[in-house]
Amino acid sequence: MNWFPFILITLFTFLAMEGITWLTHRFVMHGFLWYLHEDHHKPTGHKLEKNDAFFLIFAIPSWLCIMLGLQNKLYWVAAIGFGIALYGLAYFIVHEVIIHQRFKLFTRSNNSYIKTIRWAHKMHHKHLDKHEGESFGMLMVAKKYWDKVRADRSIQEAGKVNKV
Ligand SMILES: [Zn+2]
Ligand SMILES: [Zn+2]
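Everything quoted here is computed from the prediction, not taken from an experiment.

The secondary structure content of the protein amounts to six helices and zero strands. Here the C-alpha coordinates of the protein stretch approximately 65 × 40 × 25 Å along the principal axes. Of the contacts made within the protein by residues no fewer than 6 positions apart, 53% connect residues no fewer than 24 positions apart.

Moving on to the nonpolar core. Membership of the largest hydrophobic core is limited to 10 residues, which are Phe 14, Met 17, Cys 65, Ala 78, Ala 79, Ile 80, Phe 82, Ile 84, Ala 85 and Tyr 87. Of all the secondary structure elements, the ones that give two or more residues to this core are helix H1 (4–32) and helix H4 (75–99). Per element, the largest residue contribution to this core is seven residues, and it comes from H4.

Here we take up the environment of Ile 93. With respect to the helices and strands, the residue Ile 93 is situated in helix H4. By the C-beta count within 10 Å, which is 14 here, Ile 93 ends up partly exposed. For the pair Ile 93 and Asp 152, spaced 59 residues apart in sequence, the C-alpha to C-alpha distance is 25 Å.

Attention now goes to the environment of Gly 31. Take Gly 31: it is sitting in helix H1. The exposure class assigned to Gly 31 is partly exposed, which follows from the 13 C-beta atoms found within 10 Å. Separated by 11 residues in sequence, Gly 31 and Ile 20 place their C-alpha atoms 15 Å apart.

Summarising the model, the protein shows a mean pLDDT of 88, and 97% of its residues fall at 70 or more. Element-level mean pLDDT values for the protein span from 82 in helix H6 (residues 143–163) up to 94 in H1.

Further remarks concern unusual backbone geometry. Within the chain, Lys 73 stands out as a residue other than glycine whose phi angle is a positive 55°. Mapped onto the elements of the fold, Lys 73 is located in the loop between helix H3 (53–71) and H4. Despite not being glycine, Gln 101 has its phi angle at roughly 55°, a positive value. Within the secondary structure, Gln 101 sits in the loop between H4 and helix H5 (112–126).

The next thing to look at is the packing of H4 against H5. Where H4 meets H5, the axes come as close as 11 Å, and the angle between the chain directions of the two elements is 85°. In terms of their interaxial angle, H4 and H5 are classed as roughly perpendicular. Residue-level inspection shows Val 94, Ile 98 and Ile 99 of H4 in contact with H5, the latter providing Ile 114, Ile 117, Arg 118 and His 121. Of the residues that constitute the contact of H4 with H5, the class distribution is five nonpolar, one polar and one charged.

How each quantity is defined
Residues numbered from 1 in each chain as written. Chains lettered and ligands numbered in written order. Predicted model: local features only at pLDDT ≥ 70, side-chain atom pairs only at ≥ 80, totals over all residues. Helix = DSSP H or I, 4+ residues; strand = E, 2+ residues; numbered from the N terminus. Contact = placed C-beta atoms within 7 Å. Core = buried A, V, L, I, M, F, W, Y, C linked by C-beta atoms within 7 Å. Buried ≥ 20, exposed ≤ 12 C-beta atoms within 10 Å, placed from the backbone. pLDDT = per-residue confidence, 0-100. Axes fitted to C-alpha atoms, helices over the stretch in contact; angles between N-to-C directions. Parallel < 35°, antiparallel > 145°, perpendicular 65-115°, else oblique. Nonpolar A, V, L, I, M, F, W, Y, C, P; charged D, E, K, R; others polar.

So this is what it looks like as structure tokens:
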């Protein structure tokens, strides 16, 4: 079997999921399902948030695509399911681990990409209510956040040079 088209479908699904996540976050989570997302913007101190329900909302289609795709030998459907699952994993690592640090890993990273996505998401959390907002995506962020991290870095570096 030629795997190449299926790998492409998986990759394409992964990329498309960033857009789907943006739309879901902007119009569904900050829309009619705000009651599930609200505790993510106004923390209650509980270990589990109602917001975690969104993992199921993404996990169920992924699981159905993989299972039904493999059972019926519709491999492109399974490939879509794997793309959603991979995105879910990346989202989990970026949002729960790297940004919100619910598990104590990578807490002191100095990597520019990590700093940028953290900053962009911090700006998303600055807004406490349903209607306003910015930076609804996760893995791809607008240029202005990159610019801010780059500017910080050059200030930091200039500071180092001055000290020497
Ligand atoms: Zn939000
Ligand atoms: Zn968040």
